[in-house]
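Structure at a glance
Given next are the chains, with one letter for each unit.
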Amino acid sequence: MDAIVKKRIKQVLKGDQNAYAEIVEIYKDKVFQLCFRMLGNRHEAEDMAQEAFIRAYVNIASFNIDLKFSTWLYRIATNLCIDRIRKKKPDFYLDAEVSGTDGLTMYSQVPSDSALPEEEVESIELHETIQREIAKLPEKYRSVIVLKYIEELSLNEISEILDMPLGTVKTRIHRGREALRHQLRNV
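Everything quoted here is computed from the prediction, not taken from an experiment. (Residues numbered from 1 in each chain as written. Predicted model: local features only at pLDDT ≥ 70, side-chain atom pairs only at ≥ 80, totals over all residues. Heavy atoms only, no water.)

**Description of the overall build of the protein**
Definition in use: Helix and strand definitions here come from DSSP, where helices need a minimum of 4 consecutive H or I residues and strands a minimum of 2 consecutive E residues; each element is numbered from the N-terminal end. Relative accessible area decides the class of each residue, using a 1.4 Å probe on protein chains only: under 20% of the type maximum gives buried, over 50% gives exposed, and in between gives partly exposed. A contact between two residues is defined here by any heavy atoms of the two lying within 4.5 Å.
The number of helices and strands found in the protein is eight helices and zero strands. Beginning at the N terminus, the succession of helices and strands in the protein can be written as α-α-α-α-α-α-α-α. Burial analysis of the protein (187 residues in total) assigns 37% to the buried set. When contacts within the protein are restricted to residue pairs at least 6 apart in sequence, those whose partners lie at least 24 apart make up 59%.

**Topic: the packing of helix α4 (residues 69-87) against helix α6 (residues 139-150)**
Put simply, the rule is: All axes here are fitted lines through C-alpha atoms, helices being fitted over the stretch that makes contact, and every angle between N-to-C directions spans 0 to 180 degrees. Handedness of each helix crossing follows the sense of rotation of the near helix against the far helix: counterclockwise by less than a right angle gives left-handed, clockwise gives right-handed. Amino acids are sorted into nonpolar (Ala, Val, Leu, Ile, Met, Phe, Trp, Tyr, Cys and Pro), charged (Asp, Glu, Lys and Arg) and polar (every other residue, Gly among them).
For the pair α4 and α6, the least separation of the axes is 11 Å and the interaxial angle reads 145°. The two elements α4 and α6 cross, and the hand of that crossing is right-handed. Across from Thr78, Ile82, Ile85 and Arg86 in α4, the residues of α6 making contact are Glu139, Arg142, Ser143 and Leu147. Looking at the contact of α4 with α6 residue by residue, the classes come out as three nonpolar, two polar and three charged.

**Focus: unusual backbone geometry**
In this model, Glu152 sits at a positive phi of 55°, which is unusual for a non-glycine residue. Residue Glu152 is classed as exposed on the basis of its relative accessible area, which comes to 65%.

**Here's the deal with helix α1 (residues 2-13)**
What counts here: Every helix has an expected span of 1.5 Å times one less than the residues it contains. Directions pointing from the helix axis toward each C-beta atom define the arc.
Between the first and last C-alpha of α1 there are 16 Å, a value that for twelve residues agrees with the 16 Å anticipated at 1.5 Å per step. Along α1, the residues classified as buried are Val5, Arg8, Ile9 and Val12. Angular distribution of buried residues about the axis of α1 spans 105°; they occupy a single face of the element. For α1, the secondary structure elements touched by its buried residues are α2 (17-39), α3 (42-58) and α4. Looking one or two residues past α1, Gly15 carries a phi angle of roughly 105°, positive in sign.

**Things to note about the nonpolar core**
Stated precisely, the cut-off is as follows: Nonpolar cores were defined as sets of buried Ala, Val, Leu, Ile, Met, Phe, Trp, Tyr and Cys residues, with membership established by side-chain atoms within 4.5 Å.
Counting 47 residues, the largest nonpolar core has Tyr27, Val31, Cys35, Phe69, Ile158 and Leu162 as its most contacted members. Mapped onto this core, the elements with two or more residues apiece are α1, α2, α3, α4, α6, α7 (155-162) and α8 (166-185). Broken down by element, the residue count for this core peaks at eleven residues, all from α2. Aside from chain neighbours lying at most four places away, what touches Phe69 is Val5, Ile9, Ile23, Tyr27, Ala56, Ile60 and Phe63.

**Notes on the pattern of salt bridges**
Which entries qualify depends on this criterion: Here, a salt bridge means any side-chain nitrogen of Lys or Arg that lies within 4 Å of a carboxyl oxygen of Asp or Glu.
Taken as a whole and judged by the stated rule, the model has nine salt bridges. In this structure, the salt-bridge partner of Glu44 is Arg84, at a minimum N-O distance of 3.4 Å. Here Glu44 is found in helix α3, whereas its partner Arg84 is found in helix α4, with 40 residues between them in sequence. The exposure class assigned to Glu44 is buried, which follows from its relative accessible area of 10%. Look at Arg84 and you get partly exposed, because its relative accessible area is 29%.

**Quick look at the packing of aromatic side chains**
Going by this rule: Two aromatic rings, drawn from Phe, Tyr or Trp (for Trp, its six-membered ring), form a pair once their centres lie within 6.5 Å of each other, and the interplanar angle then sorts them: stacked below 30 degrees, edge-to-face above 60, tilted otherwise. Any Lys NZ or Arg CZ that is within 6 Å of a ring centre and within 35 degrees of that ring's normal is treated as a charge sitting over the ring.
Scanning all chains against the criterion turns up six aromatic pairs. Arranged with centres 5.4 Å apart and planes meeting at 85°, the rings of Phe63 and Phe69 form a pair that is edge-to-face. Across the pair, exposure class does not vary: Phe63 and Phe69 are buried alike. An aromatic cluster of three or more residues is present, and its members are Tyr27, Phe63, Phe69 and Trp72. Just above the ring of Phe36 sits the side chain of Arg42; from NZ or CZ to the centre is 5.6 Å.

**A short note on the confidence of the model for the protein**
For clarity, the threshold we go by: The quantity known as pLDDT measures the predictor's confidence residue by residue, on a range of 0 to 100.
Model confidence for the protein is summarised by a mean pLDDT of 86, while 84% of its residues fall at 70 or above. Within the protein, the lowest mean pLDDT, 84, falls on helix α5 (residues 117-136), and the highest, 94, falls on α3.

Below, the structure written as structure tokens:
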């Protein structure tokens, strides 16, 4: 897939906008999920994902073709989400009721593999609890925890995305995991 993306990037650099549309198609779900996990709001995640693709397009000439495009794109998206978190304190959460519904939350929109409704409810409650506790983590721990355990990126990719030494990433993951473990004990 990297070869296809690199080929499309070269086409974009030559002025082919349709090639960029193909790149967006490849990465749109992953970028949205990354933003959603960091921001906890579907609309803001859509906005940040769109902004990440726009910024990547505008700055594609500065992209080093020898590196992975996904890492560069995730870094842009992560930085945008971190900026958004810093600028705005959350006034809504995924567990808040969706207006116009009868007690439904955004978690009720998350697809589940479980067949039984009881298991689905338990899963939703667990996700709500974990997401709420992740949201309480300081931003420096939240970003590495989301990238490592939700997005399942490697330590090296996280290091590149956040532009920090590998040792710092490991330390923050450890401290973030310990802080999350401590928070979940009290739940």
